[in-house]
Amino acid sequence: MSARALVAIVALAVLGGCTGLAPPAPRDAAPDALVARCERLYVVLDEAVAAAGVPDGGEARLAGYPYARVDRLLASFGEAPLDAAALQAWVDALIGLDRAARRAELDNVPRSARPAVAARLAADGWPENEPAALIEGCSRVLRDHDLADPRRRDRLLNIARVPDDYDTWKRVVGLYVLASFPFAYGVSRYQDGVQATFDTPLEGLPVRGTLVRYAPPETATLPAGEVGAIIARSSRGPLGIPRPEGEDLARLLGAFAPVLEVDVADADDRIGYPVIGADRVPTVDVARPVAFTRVAHARVGDRVLLQLVYSFWFPARPRTSALDPLGGSLDGVTWRVTLGIDGYPVLFDSMHNCGCYHMFFPTPRAALRRQPYTIEETAFVPQRLPAAAPPDRLVLRVASRTHYLERVTVAGRDPAGARRYGLAADETLRSIPGPDGAGHSLFRPDGIVPGTERGERWLFWPMGVREPGAMRQWGRHATAFVGRRHFDDPWLVERYFVILEP
């Protein structure tokens, strides 16, 4: 096959990808040649990313399918039969995850290494183009090739799983079956202390510094009926996953963003924007208060509920002494809103950005299931909330230094005297511009924020959690020491709650 003909086929594939159409089905020996070259394209890109040490640690890669990655939500769809339309939508969603992660990875490859990548692609006959455009076309070429082969299609469905963030070998070596009992007692004691804080009258909570309120940008009122309409029209795909975009998404995120009331004693109690310094060590710029947002989903029966996620970053949890096992660089709190199909919140939950301190705040629309007797951690509910909807806002009371969540209250839409924080996509933390002009991920390839390791890892390792206490990337939050649980598990809500119809 001539190089000119091959380039023409690639151009058609890229054009089809850019216009949202699948590339035309080849009719001769060309498809095998094109599939092989597309596979080599991914090899070149993956080798460049690996050599630079910048693989993204979010979604799981799928061996033999370089164009696809999977998260826990999409993995849950691979557990049941899919019709042809749902199968293609599912694979396209896997492709979308890979493209997003790969875009960040390529942005993080040092500029000095990029000419060598371009030279390797040119040597294989690829037209001079941005890698993103070639990926767009090749992902569809490989998708169509695999969906046409029943064996490769079935294997993709079988391997589309996300490994959990627990090291079983640590539990074996650490005698987890015995050690889990004192750990469970410690968790129970911690929860008793948190419950006592939540039971304390609001005016009785201690204040070390000054209470500072951070509020989101001012937004127009968004009635629950309109929220329900946005959810409905964004759920029309074959998988029924609500995926609001553009102005709809911006309005939703603005309408449900919480107010933070933080006890500020020093700069470590101020929220900000993570940045990468010349020494590659992440810090937080408190002059730029921001909530990092994303969309997530919960599966309840045959429905997929929309979740809005807001993450806040602090410069540190300062150590109280040299032996403090919990203190260290960077800290953060994540707040999640689970919406019913009618647009009203049914459940809220929170964690720290280490995956620690996971708490649930159900509304009257979420009834706690009776849990089997077990020492494993279940849903900890320190407070129940009304189904507060815009224009009301929830106020999260955050303690100084520990940044523990101490209370959730309902306030008017615009609290007086509040400082405004901005909204930014959580995805941007995968590639933060550094002082050298290149991109740098906030996270290591294993999903951990470097430099945020805590002393507790030397005490809690028998529970199998990787780097307990360290800050981590979305999709890598193990939230239980006793048992196994992940913050992004799509079945988490149904495991603990019955969602009542409006």
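Because the structure is a prediction, the values reported are computed rather than measured. (Residues numbered from 1 in each chain as written. Predicted model: local features only at pLDDT ≥ 70, side-chain atom pairs only at ≥ 80, totals over all residues. Heavy atoms only, no water.)

Enquirer: I'd love a proper account of the overall build of the protein, names of residues and values included.
Expert: When helices and strands are counted, the protein shows 13 helices and 19 strands. Taken over C-alpha atoms, the radius of gyration comes to 24 Å for the protein, in line with the 23 Å a tight globule of 502 residues would show. The dimensions of the protein, computed from C-alpha atoms along their principal axes, are 80 × 50 × 50 Å. With 502 residues in all, the protein has 52% of them scored as buried. A sequence separation of at least 24 residues applies to 69% of the contacts in the protein between residues at least 6 apart. (Helix = DSSP H or I, 4+ residues; strand = E, 2+ residues; numbered from the N terminus. Rg over C-alpha atoms; globule rule 2.2 N^0.38 Å. Buried < 20%, exposed > 50% of the residue type's maximum accessible area, 1.4 Å probe, protein only. Contact = heavy atoms within 4.5 Å.)

Enquirer: Outline the state of the cysteines, listing residues and values.
Expert: One way to say it: the disulfide is the covalent bond shared by the sulfur atoms of two cysteines. One pass over the structure, following the stated rule, counts two disulfides. With its sulfur 2.1 Å from that of its partner, cysteine 354 forms a disulfide with cysteine 356. Here cysteine 354 matches cysteine 356 in class, with each residue buried. What connects to what in the protein, once the bonded cysteines are numbered by sequence position, is 1-2, 3-4. (Disulfide = S-S within 2.5 Å.)

Enquirer: Can you tell me about the nonpolar core, naming the residues and giving the values?
Expert: Core analysis: the biggest nonpolar cluster contains 45 residues, and Tyr67 and Trp90 have the highest contact counts within it. The set of elements that each furnish at least two residues to this core consists of helix H2 (30-52), helix H3 (72-77), helix H4 (84-108), helix H5 (114-123), helix H6 (131-147) and helix H7 (150-159). Excluding anything up to four places from it in sequence, tryptophan 90 contacts Leu74, Phe77, Gly78, Leu82, Leu156, Leu157, Ala160 and Leu239. Judged by nonpolar contacts, the second largest core, of 39 residues, contains Val262, Trp335, Leu339 and Phe361. (Core = buried A, V, L, I, M, F, W, Y, C linked by side-chain atoms within 4.5 Å.)

Enquirer: Lay out the packing of aromatic side chains in plain terms, naming residues and giving numbers.
Expert: Between two aromatic rings, the relevant description is the distance of the centres plus the angle of the planes. One pass over the full model with this rule turns up 13 aromatic pairs. Centre to centre, the rings of phenylalanine 312 and tyrosine 421 are 5.3 Å apart; their planes meet at 85°, and the pair counts as edge-to-face. Taken together, the residues phenylalanine 312 in strand S8 (residues 303-317) and tyrosine 421 in the loop between strand S15 (419-420) and strand S16 (422-425) connect sequence positions 109 residues apart. The buried category is assigned to tyrosine 421, whose relative accessible area is 1%. Taken together, a centroid distance of 5.9 Å and an interplanar angle of 85° make the contact between tryptophan 474 and phenylalanine 487 edge-to-face. Separated by 13 residues along the polypeptide, tryptophan 474 in the loop between helix H12 (457-460) and helix H13 (492-496) and phenylalanine 487 in the loop between H12 and H13 bring together distant segments of the chain. (Phe/Tyr/Trp six-rings, centres within 6.5 Å; stacked < 30°, edge-to-face > 60°.)

Keep in mind these numbers describe shape, not what the thing actually does.
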